[in-house]
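As a plain string of letters, each chain reads:
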Amino acid sequence: MSTATAPSDTAAPVIADIGYGRVFADFYDRLFPQDGSADRTAAALASWHPGGSALELGVGTGRIAIPLARLTGDVVGVDSSPEMLERLRTAVGEAGVPVTPVHGDIRTYDAQDRHGLVYCVCGTMSLVLDQAGQRAAVAGAARRLAPGGTLVVETHNPGFVHTLHEGLSRTSFFAPYPEPGTGLQTYSTLLAEQGLWHTSHLLHEPDGTRIGTEITRLTTPEDIEAYAAEAGLERVSLHGDWSGGPFVAARSAVHISRFVHAGRTERS
């Protein structure tokens, strides 16, 4: 199992916990239908992994880190939520995979390890609500890359959010899950002037309903590309899903950007 190296600074950075885990940790994994999506994400990441260890920024409960570790080996998972990390430790123990949980802030995490793959997925980057914080997170991720390494960032597509709202500031939608009597109902508010998206999720299950609320920043592919360019990285691919489909500005639910150090020419 990989061991993360502590930052060299004498004063430990502040780990700002926005409370996401306190709200969602108890039912986070059930927010995602059991349709193989985590395995598809892990498989795509593994195909872009040049070797060595991997680092996930915003590891949560290990929904992606655990299947990735089965494919590629050591994964270090950073998260600011103690609640999420506690569930990750339990999941890692049950799965017996080489995932190392680390309590840290993705904006300030600065251990000296270098990784072949660094990734931030599932909308985690958009939970950072200001450009300065997002820029710091991408810059830090770039510093963690080993020579020849790859950075991958996935988050919500603002164009798709606007399409969902059909010109309205508020809307709601329901996504049924395969299991009988289950589904996710979302009440969505678009705060366009502030560049924010407020959502309240109601997970309906036979034994009751659980509620969680989050606020995310409407973050474009151009935002992420600009941060990466400032950090000396070049985008080599942009996809709209984990099957490799093209990104379509008004229709793709997410954007997935892959970066390497500037000057490397691999593209797909």
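What counts and what doesn't
Residues numbered from 1 in each chain as written. Predicted model: local features only at pLDDT ≥ 70, side-chain atom pairs only at ≥ 80, totals over all residues. Heavy atoms only, no water. Helix = DSSP H or I, 4+ residues; strand = E, 2+ residues; numbered from the N terminus. Rg over C-alpha atoms; globule rule 2.2 N^0.38 Å. Buried < 20%, exposed > 50% of the residue type's maximum accessible area, 1.4 Å probe, protein only. Contact = heavy atoms within 4.5 Å. Pairing = 2+ DSSP bridges. Axes fitted to C-alpha atoms, helices over the stretch in contact; angles between N-to-C directions. Parallel < 35°, antiparallel > 145°, perpendicular 65-115°, else oblique. Left-handed = near helix turned anticlockwise from the far one by under 90°. Nonpolar A, V, L, I, M, F, W, Y, C, P; charged D, E, K, R; others polar.

**Q** I would appreciate a short explanation of the overall build of the protein chain in the present structure.
**A** Summing up its helical and strand segments, the protein chain has 7 helices and 11 strands in all. For the protein chain, whose C-alpha radius of gyration is 18 Å, the value lies close to the compact-globule estimate of 18 Å for 268 residues. Considering only C-alpha atoms, the protein chain reaches an extent of 45 × 40 × 35 Å along its principal axes. Here the protein chain holds 268 residues, and 50% of them are scored as buried. Long-range pairs, those at least 24 residues apart, make up 66% of the contacts in the protein chain between residues at least 6 apart in sequence.

**Q** Looking at this structure, I do not really get unusual backbone geometry. What am I missing?
**A** Note: most residues except glycine have negative phi, and most peptide bonds are trans. Even without glycine at this site, Cys122 takes up a positive phi of about 60 degrees. You can see Cys122 is positioned in the loop between β4 (115-120) and α5 (131-143). With a phi close to 50 degrees, Glu166 is a non-glycine residue in the positive phi region. Along the chain, Glu166 falls in the loop between α6 (158-165) and β6 (170-176). Overall, Glu166 belongs to the exposed group, its relative accessible area being 69%.

**Q** I'm lost on the sheet that holds strand β2 (residues 75-79) in this one. Help?
**A** Either a parallel or an antiparallel arrangement is found when strands of a sheet pair, and the pairing is made through backbone hydrogen bonds. Pairing within the open sheet is mixed, and its 7 strands lie in the order β3-β2-β1-β4-β5-β11-β10. The open sheet has two edge strands with one neighbour each: β3 (99-103) and β10 (233-239). Strand-to-strand, the axes of this sheet are offset by a mean angle of 20 degrees, without reference to chain direction. Where strand β1 (residues 54-57) meets β4, 3 bridges bridge the pair, whose relative direction is parallel. Along β4, the bridge assignment pairs Glu56 with Tyr119. α5 contacts β1, β4, β5 (145-156), β10 and β11 (254-261) of the sheet and is inclined by roughly 150 degrees relative to β5.

**Q** Explain the sheet that holds β6 to me, please; I cannot follow it from the model alone.
**A** Read from one edge of the open sheet, 4 strands run β6-β7-β8-β9, paired in antiparallel fashion. One side of each edge strand has no neighbouring strand; the edge strands of this open sheet are β6 and β9 (208-217). Adjacent strand axes in the sheet meet at a mean angle of 15 degrees, parallel and antiparallel pairs treated alike. Two elements, β6 and strand β7 (residues 183-191), share 7 bridges in a ladder whose sense is antiparallel. When the sheet's bridge partners are listed, Ala175 is paired in β7 with Leu184. Sheet contacts for α6: β6, β7 and β8 (196-205); angle to β7, the most-contacted strand, approximately 100 degrees.

**Q** Would you mind going over the packing of helix α2 (residues 37-48) against helix α3 (residues 65-72) with me for this structure?
**A** Helix packing geometry: the angle between the two helix axes and the distance between the axes. Two numbers describe how α2 lies on α3: the axes approach to 8 Å, and their chain directions differ by 45 degrees. When the axis of α2 is compared with that of α3, the two are oblique. Pair α2 / α3 crosses with right-handed handedness. Here Ala38, Asp39, Ala42, Ala43, Leu45 and Ala46 of α2 lie close against α3, whose contacting residues are Pro67, Leu68, Leu71 and Thr72. By residue class, the composition of the contact of α2 with α3 is 8 nonpolar, 1 polar and 1 charged.

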